[in-house]
Amino acid sequence: GDRWSLKGQTALVTGGSRGIGHVIVEELLELGASVHTCSRNKVELDAALIAWEAKGYKVNGSVCDVSDRSQRENLMETVSTAFDGMLNILVNNAGVLLYKPTVDCSAEDFSTLMGINVEAAFHLSQLAHPLLKTSGMGSIVFISSIAGVVAHQGLSIYGATKGAINHLTKNLACEWAKDNIRSNSVAPWYIRTSMVDDFLDNKEHMEKAYGRTPMRRIGEPREISSLVAFLCFPAASYITGQVICVDGGLTANGFF
Ligand code: NDP
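Description of the structure in this document.

Reading the values: rules and limits
Residues numbered from 1 in each chain as written. Predicted model: local features only at pLDDT ≥ 70, side-chain atom pairs only at ≥ 80, totals over all residues. Heavy atoms only, no water. Pairing = 2+ DSSP bridges. Helix = DSSP H or I, 4+ residues; strand = E, 2+ residues; numbered from the N terminus. Axes fitted to C-alpha atoms, helices over the stretch in contact; angles between N-to-C directions. Contact = heavy atoms within 4.5 Å. Parallel < 35°, antiparallel > 145°, perpendicular 65-115°, else oblique. Left-handed = near helix turned anticlockwise from the far one by under 90°. Nonpolar A, V, L, I, M, F, W, Y, C, P; charged D, E, K, R; others polar. Buried < 20%, exposed > 50% of the residue type's maximum accessible area, 1.4 Å probe, protein only. Arc of directions from axis to C-beta. Polar contact = N/O pair within 3.5 Å; in protein donor to acceptor, adjacent residues only side chain to side chain.

Re the sheet that holds strand E6 (residues 181-188)
In a beta sheet, neighbouring strands pair by backbone hydrogen bonds and run either parallel or antiparallel. With respect to topology, seven strands assemble into an open sheet ordered E3-E2-E1-E4-E5-E6-E7, the strand pairing being parallel. Edge positions in the open sheet fall to strand E3 (59-63) and strand E7 (243-246), since each of these has one partner strand only. With strand direction ignored, the average angle separating the axes of adjacent strands in the sheet is 20°. In this structure, strand E4 (residues 89-92) lies alongside strand E5 (residues 138-143), joined through four bridges in parallel fashion. Considered in E5, the bridge of Ile89 is made with Ser139. Across the sheet, helix H3 (residues 69-82) is in contact with strand E1 (10-14), strand E2 (34-39) and E3; its angle to E2 comes to roughly 160°. This element, helix H8 (residues 222-232), spans E4, E5, E6 and E7 of the sheet and lies at about 165° to E6.

Here it is as structure tokens:
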């Protein structure tokens, strides 16, 4: 096949109704993949699907709360039926943010974040394994965060969930290499989406963020989806078990 194309590949992207996931769906479609996506809000999901279908893309979607085990099982059944039991790409993108000092975090905060950001991604990877294996060429991409690589105020639980994902990336890469399934993690710094809307309006907070970022700007969703697509290309066939930061230089910065 074409080294720089996703033609003929099938993909599941969680959380594709808006933000980074939305742009990932679009990028994979533009590169020739057939895509299934999901979110909790049906209205927003359907609006996205209608816009893509109008462009002639091969895309489908279903409502799924990935924090629910049986909904995850239903989702993978839908995907398996749609793609004849074969899946090339799983993008574990759906995630939630919690910005709180550790002393204020509740038991529920912890279990909610672990449930969506870690357990859902783990279980969906488990469920996708037979489909990824059957396809003959599988690629899992986790959307992590630089908060899982370096410490950030207010993000102790969130950072722990992303750190867990970064490690899971390595385990799956080693365990499933024999099945020709690669596993990589993309770790963004600030990206302009609804998740961080509130922060973008906070001048003091953003000045601090820019001050730490060598490129002195935040990123755009398209700057994440390009790497996700690349990791799924046949051209990336020897890349597995990696955590790649897309961060304007943040994690490289010592004292600039
Ligand atoms: P958004 O909040 O803009 O979008 C999140 C998407 O995920 C929506 O489609 C949302 O739909 C869906 N989603 C959330 N929870 C669930 C759920 N339980 N079940 C199904 N779908 C769900 O966030 P971003 O696009 O910014 O974030 C995407 C990923 O990128 C996350 O994993 C996040 O941690 C990560 N990230 C984001 C950064 C940023 O600065 N924006 C930086 C680093 C990492 P709905 O609510 O309808 O379910």
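Following the structure, the description resumes.
Focus: the packing of helix H1 (residues 19-30) against H8
Here H1 crosses H8 at 50°, and the two axes come no closer than 9 Å. It follows from the interaxial angle that H1 and H8 lie oblique. The hand of the H1/H8 crossing is right-handed. Touching Ile20, Val23, Ile24, Glu27, Leu28 and Glu30 of H1 are Arg222, Ile224, Ser225, Ser226, Val228 and Ala229, all from H8. Its residues assigned to classes, the contact of H1 with H8 comprises seven nonpolar, two polar and three charged.

What about helix H7 (residues 203-212)?
When we look at burial in H7, the residues that qualify are His205, Met206 and Ala209. Across the axial projection of H7, the buried residues extend over an arc of 90°, all falling on one side. The exposed set on the far side of H7, more than 90 degrees from its buried face, consists of Lys203, Glu204 and Lys208. Buried residues belonging to H7 abut helix H6 (197-200). The backbone nitrogen of Glu204 lies 3.3 Å from a side-chain oxygen of the residue at the head of H7, namely Asn202.

Function cannot be read off these values alone, since they describe shape.
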